[in-house]
Amino acid sequence: MIRHVTSRGLQSLAVLAVMSFVVYGLMGLMPGDPIDLMIASDPHLSATDALRLKALYGLDRPWTERYLAWLLQVLQGELGYSRLYARPVLDALLPALGNTALLMLTALALALTVAVPVGIVASLRPGSVFDHAVNLVAFASVSLPTFWLGLMLIVVFAVSLGWLPASGIEDVGGDGGLAERLRHMALPVATLALAGMGQYVRHMRAAMIGEAHHDYVRTARAKGCSPARIVLRHQFRNALIPVTTILALELGGLFSGALITETVFAWPGMGRLIFEAVMGNDFNLALSGLLLATAMTLLGSILADLAYAALDRRVSYR
Amino acid sequence: MSPHLRSLFAALVLCAGAALPATAQPETRAIEARTKDELVIGITQFPATFHPNIESMLAKTYVLDMATRPFTAFDPHWKLVCMLCEKLPTLENGLATREGEHGVALTYTIRADAKWADGTPVTTEDVLFTVDAGRHPLSGVSNSELYRRILKVEVRDKKTFVLHMDRLTFDYNAINDLRLVPAHIERPRFELPAEYRNRTAYDQDTTNPGLYNGPFRIAEVVQGSHIVLERNPYWDGQAPAFKRVVVKTIENTAALEANLLSGGVDMVAGELGLPLDQSLAFEKRVGKDWNIIFKPGLVYEHIDLNLGSPILADKRVRQALLFAIDREAINRQLFGGRQPVARTSVNPLDGVHADDVPTYRFDPARAAQLLDEAGWKMSGSVRRNAEGAPLSLELSTTAGSRSRELVSQVLQAQWRKAGIEVRLRVEPPRVFFGDTVTRRKFPHMALFAWYSAPESVPRTTLHSTMIPSEANNWSGQNYPGYVNPRMDQLIDAIEVELDRPKRVALWHELQQLYADELPALPLFFRSDAFILPKALKGVTPTGHQDPSTLWIETWRWQPDSDPVPAPTEKSPSKEKKVPAKKGKP
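Calculation rules
- Residues numbered from 1 in each chain as written.
- Chains lettered and ligands numbered in written order.
- Predicted model: local features only at pLDDT ≥ 70, side-chain atom pairs only at ≥ 80, totals over all residues.
- Helix = DSSP H or I, 4+ residues; strand = E, 2+ residues; numbered from the N terminus.
- Buried ≥ 20, exposed ≤ 12 C-beta atoms within 10 Å, placed from the backbone.
- Contact = placed C-beta atoms within 7 Å.
- Pairing = 2+ DSSP bridges.
- Axes fitted to C-alpha atoms, helices over the stretch in contact; angles between N-to-C directions.
- Domains from an automatic or database assignment.
- Nonpolar A, V, L, I, M, F, W, Y, C, P; charged D, E, K, R; others polar.
- Arc of directions from axis to C-beta.
- Left-handed = near helix turned anticlockwise from the far one by under 90°.
- pLDDT = per-residue confidence, 0-100.
- Parallel < 35°, antiparallel > 145°, perpendicular 65-115°, else oblique.
- Core = buried A, V, L, I, M, F, W, Y, C linked by C-beta atoms within 7 Å.

Participant: How do you make sense of the overall build of chain A when you look at a structure like this?
Facilitator: Secondary structure assignment for chain A yields 13 helices and two strands. Across the 318 residues that make up chain A, the buried fraction comes to 41%. Pairs at least 24 apart in sequence give 72% of the contacts found in chain A among residues at least 6 apart.

Laid out in structure tokens, this is it:
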């Protein structure tokens, strides 16, 4: 097991190194840079200013040269300064990371809390009215654009009913307490949870139906096990394996944020931060954010491997 | 369903049902609790930095204009006024004197009552430091034009200084770009100039009161979310009516509108608010409940023509293109008549605007005649030249701007009726401005906007030395590649002509030439929509680059039923100070 995890860890490091090169290269090859944009919007910025600023920000050097300098800096444990936010990368990254983790984890927890039982119940009577209704809602959940759903929730709960705040992470001048945070989280969390719920319901339902046809279920029934015991102790445990894979791959998303939802609800999270960093050629910030998300996805994959072994004793790593 | 699962479902439904009404009360309370002392403004962009001279960004200017004062600025009537100085230097009042062949010496005195919000007086020390930093090539100051033009700063005393400038231009006493930074805070951070942009207190210690000399100071910053401004206790000008101003950033304009309707924000800034089409729809739906001001400004929406193209090198084709489109109809149909049609790049609100230049009203017959003369004859539905090549052009513009995309589609349809085939090319702003336009890669036409200033001389956009090329490292903004010796002479002459009537005459000729030659097709001057609550009085949109917040102290919360209070001339000196919150990164 330890050998397997070490090997996967080393592979992940290699993937991260390749990713950093590819991301840096793609950003470096994008046409234009922030100074070009500045010139285009301000006719009074002179050519001398443009050249001076490009040299100051290192934008006059080839991207490969800049990449090597960045890599050297990171290997020394220094993530550098964010050009866009004029502060150390970690100072810009950590608050956004905290906001995103809070939002995404809550939404995931809520989605799973609803989706897992609903998926299980729907799988018990495939083709029933309840199953059809669940399928319909699940398809709607998968198909609804999050920006539309978010705006509708704002219109209903913030504009029409006035129950919840339409945006932000806390009241301006408020106490910043838990109740205040929860009220601000309600709509973005509901949007993300509703949007994500459908796929978890469908996966859970499909996995449970798949398990229902296995011999061990028939054997358990023949042995006189109660239906609840068969479903919850036997089928459910095995059906969790494909769901675990999906959840593991979601881990990266938990830390890279949800750009559209964050934008609609003015939630200062990682999605907006990374997007702005990429578009603004803030290499230090964009690289750190994207590599963090990649690392989390890779970590999720390793954790999924470990979870398989825990859920299915037939699986072992050598 | 098992009994356990049924119980679980029931619990979830009960929790959800119970949570919503319970959460409704605090929000309602929060809105009700917001008194007239606090104003919440919604904008669509968050400032990248708070340093007045590093990076130019409208969101930053909008916020900082409440907390800092430039030396000079254009007022809402487009008149140059002193903000931080006592008197504008002029040749007539003797505070400006000619020096050598071309230079000028300008004597300014800082207002006696000007203080930073930590109580430190604003002095010539701050002027010296600001100029030093502005001239340093590594300081990160973006627009260094003013600092390059300052040859020397001569200090007379703590409040009076003389700027020795390299050239005497007509706008010699406008030093709008001189935004002071406090020497007592910033000088120690400038010891390593190359590190200054990362060490400046404006970004590292944003809530330090000593950074601000306006009616407000920044008291709290939540990155990407909102900025809180509180009164500067040392401000001795007219006291602002609001104790706190909160600027909230909501990038998505639909969400911004929802926030306005739900009470999350009190008003939407015109400078950085809803696009015109959305504002018009808002006005139709709920306009009676709001005070909506549509203010045409200096944003010049136009189509740059690549004069290197053999088709567009012919002036008759350029004129025909303009005769073939109905800009008035577009303005009526798409913008509710709120965006004035442009004749040239000079705004009708500008004092040097000429009324008698060719207007190119929609005239398909005249367009057809000009194209015939230029050798483009109608052949089926498309015009062709003698070789049989179709009159086919490409129009590039930016993606993401709904109104611009709509305009380009209407233009395409109108030109098609004139036998001109137009292909639309929509690119992300990053590609469009970073490459296509700046490197003159658009084959024929590029639709975008210029931001300008009152009586702004179009040197960078029309002078023949300002054509971007590889040889000059793509500098200059004369993207059409327009070359006309007379235009160059006019630009050179306007810059140094001090006699206003003579300068107006030169401007008149420049606009005549522009309208005749059409290096670009003028479309509209963009309008900003200020959506204000009816009780908010005193907001005066300027239409130029100095936003309305520069006069924040004149804003008042005055419901129509309330009597008008007399404005206070001085800040209450014993006002209780609110401790600055630590800025969140």
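What follows continues from the structure just given.
Participant: Got a minute to help me understand the overall build of chain B in this structure?
Facilitator: Secondary structure assignment for chain B yields 17 helices and 20 strands. The long-range share in chain B, meaning contacts at least 24 apart out of those at least 6 apart in sequence, stands at 69%.

Participant: Help me understand the sheet that holds strand 6 (residues 150–155) of chain B in this model?
Facilitator: Sheet strands pair via backbone hydrogen bonds, and the direction of the pair is either parallel or antiparallel. All names here are of chain B. Strand order in the open sheet made by the four strands is 4-5-7-6, with antiparallel pairing throughout. Two strands in the sheet have a free side with no partner beyond their single neighbour: strand 4 (96–99) and strand 6. Direction aside, the axes of adjacent strands within the sheet are offset by 20° on average. Pairing geometry for strand 6 and strand 7 (residues 160–165), over five bridges, is antiparallel. Looking at strand 7, one finds that Glu 154 is bridged to Val 162.

Participant: Just checking my understanding: could you explain the domain arrangement of chain B for this structure?
Facilitator: Accessible area lost upon the coming together of the parts serves often as the stated size of an interface. Residues and elements named next belong to chain B. Considered domain by domain, chain B is made up of domain 1 (38–270 + 541–557) and domain 2 (297–528). Inter-centroid distance (C-alpha atoms) of domain 1 to domain 2 is 34 Å. Listed as interface residues are 11 residues of domain 1 and, on the opposing side, 14 residues of domain 2. Partitioning the side of domain 1 that touches domain 2 into residue classes produces five nonpolar, five polar and one charged.

Participant: What exactly am I supposed to notice about helix 11 (residues 327–335) of chain B here?
Facilitator: The α-helix advances 3.6 residues per turn, and as a result positions three or four apart in sequence lie on the same side. All names here are of chain B. Turning to helix 11, its buried residues are Arg 327, Ile 330 and Phe 335. Down the axis, helix 11 shows its buried residues gathered within 75° of arc, on one side only. Facing away from the buried side of helix 11 by over 90 degrees, the exposed positions are Ala 329 and Gln 333. Those residues of helix 11 hidden inside the fold are in contact with helix 9 (276–286), helix 13 (402–417) and strand 18 (520–533). Where helix 11 ends, the next residue or the one after it, Gly 336, has phi of about 60°, a positive value.

Participant: Help me understand helix 12 (residues 270–279) of chain A, please; the structure alone is not making it clear to me.
Facilitator: Residues and elements named next belong to chain A. Judged by how many residues are buried, helix 12 sits mostly within the fold: eight of 10 residues are covered. Three or more residues of helix 12 are buried, namely Met 270, Gly 271, Arg 272, Leu 273, Ile 274, Glu 276, Ala 277 and Val 278. Positive phi appears at Asn 281, one or two residues downstream of helix 12, with a value of about 55°.

Participant: Explain the packing of helix 5 (residues 89–124) of chain A against helix 8 (residues 178–212) of chain A to me, please; I cannot follow it from the model alone.
Facilitator: In a pair of packed helices, the angle between the axes and the distance between the axes together describe the arrangement. Residues and elements named next belong to chain A. At their nearest, the axes of helix 5 and helix 8 sit 6 Å apart, and the two run at 35° to each other. Pair helix 5 / helix 8 crosses with right-handed handedness. Grouping the amino acids of the contact of helix 5 with helix 8 by side-chain chemistry returns 25 nonpolar, four polar and one charged.

Participant: Help me out: how do you make sense of the pairing of strand 10 (residues 244–249) of chain B in this one?
Facilitator: A regular strand carries its side chains on alternate faces of the sheet. All names here are of chain B. Across the six residues of strand 10, six count as buried, placing the element largely inside the fold. Note: strand 1 (residues 38–43) against strand 10, six bridges, orientation parallel. Bridge pairing links Val 40 to Val 246 in strand 10. Across five bridges, strand 9 (residues 226–231) lies against strand 10 in antiparallel orientation. Bridging across to strand 10, His 226 finds its partner in Lys 248.

Participant: Would you take a moment to explain the confidence of the model for chain B for this structure?
Facilitator: Residue and element names in this part refer to chain B. Taken residue by residue, chain B gives an average pLDDT of 87. The fraction at 70 or more is 90%. Per-element mean pLDDT across chain B ranges from 39 in helix 1 (residues 3–33) up to 97 in helix 10 (residues 315–323). Note that residues 1–34 has pLDDT below 50 and, in this model, 28 contacts with residues that lie over four places away or in other chains. Interface scoring of the predicted complex returns ipTM 0.75; its pTM is 0.81.

Participant: Quick question: what am I supposed to make of unusual backbone geometry here?
Facilitator: With the exception of glycine, the majority of residues adopt a negative phi angle, and the majority of peptide bonds are in the trans configuration. Residue and element names in this part refer to chain B. Phi is positive for Tyr 360, close to 55°, though the residue is something other than glycine. With respect to the helices, strands and loops of the structure, Tyr 360 is situated in the loop between helix 11 and helix 12 (364–373). Given 22 C-beta atoms within a 10 Å radius, Tyr 360 is considered buried. Even without glycine at this site, Glu 455 takes up a positive phi of about 50°. Note on placement: Glu 455 falls in the loop between strand 17 (445–450) and helix 15 (459–462).

Participant: Just to check I follow, could you spell out the packing of helix 5 of chain A against helix 6 (residues 129–143) of chain A for this structure?
Facilitator: Residues and elements named next belong to chain A. Put simply, helix 5 and helix 6 touch, their axes get as near as 8 Å, and they point 140° apart. When the interaxial angle is binned, helix 5 and helix 6 end up oblique. Considering only the axes of helix 5 and helix 6, their crossing is left-handed. Residues Val 118, Val 121 and Ala 122 of helix 5 form the contact with helix 6, whose participating residues are Phe 130, Asp 131 and Val 134.

Participant: Help me out: how do you make sense of the environment of Pro 547 of chain B in this one?
Facilitator: Residue and element names in this part refer to chain B. Tracing the chain through its elements places Pro 547 in the loop between strand 19 (536–537) and strand 20 (556–557). Assessed through the 23 C-beta atoms surrounding it within 10 Å, Pro 547 is described here as buried. Measuring from C-alpha to C-alpha, the distance between Pro 547 and Ser 381 comes to 48 Å, with 166 residues separating the pair along the chain. If we ignore the near neighbours within four places in the chain, the residues touching Pro 547 are Thr 61, Tyr 62, Asp 65, Glu 271 and Thr 542.

Participant: Mind showing me how you'd approach the nonpolar core here?
Facilitator: Considering soluble globular proteins, one finds that nonpolar side chains tend to be buried as a cluster. One finds Ile 154, Met 204 and Ala 286 of chain A together with Ile 41, Leu 229, Val 245 and Ala 255 of chain B to be the most contacted residues of the largest nonpolar core, which totals 164 residues. Counting residues per element, this core draws most heavily on helix 5 of chain A, which supplies 15 residues. Once residues within four sequence positions are removed from consideration, Ile 41 of chain B is found in contact with Val 245, Val 247, Val 265, Asp 266, Met 267 and Ala 269 of chain B. Residues Tyr 300, Ala 418, Val 422 and Leu 490 of chain B belong to the second largest nonpolar core, which totals 61 residues.

Participant: Would you mind showing me how to read the pairing of strand 9 of chain B here?
Facilitator: Residue and element names in this part refer to chain B. For strand 9, the buried fraction is high: six of the six residues fall into the buried class. Of the pairings in the sheet, the one linking strand 8 (residues 216–222) to strand 9 comprises six bridges and is antiparallel in character. By the bridge assignment, Arg 217 is partnered in strand 9 with Glu 230. Between strand 8 and strand 9, which pair antiparallel one after the other, the connecting turn spans three residues, and Gly 224 there sits at a positive phi close to 80°.

Participant: Honestly, the environment of Asn 208 of chain B in this entry has me stumped. Any pointers?
Facilitator: Residues and elements named next belong to chain B. Here Asn 208 shows up in the loop between helix 7 (201–204) and strand 8. Taking the C-alpha atoms as reference points, Asn 208 and Ala 219, separated by 11 residues in sequence, lie 7.9 Å from one another. Not counting chain neighbours up to four residues away, the residues in contact with Asn 208 comprise Ile 185 and Ala 201.

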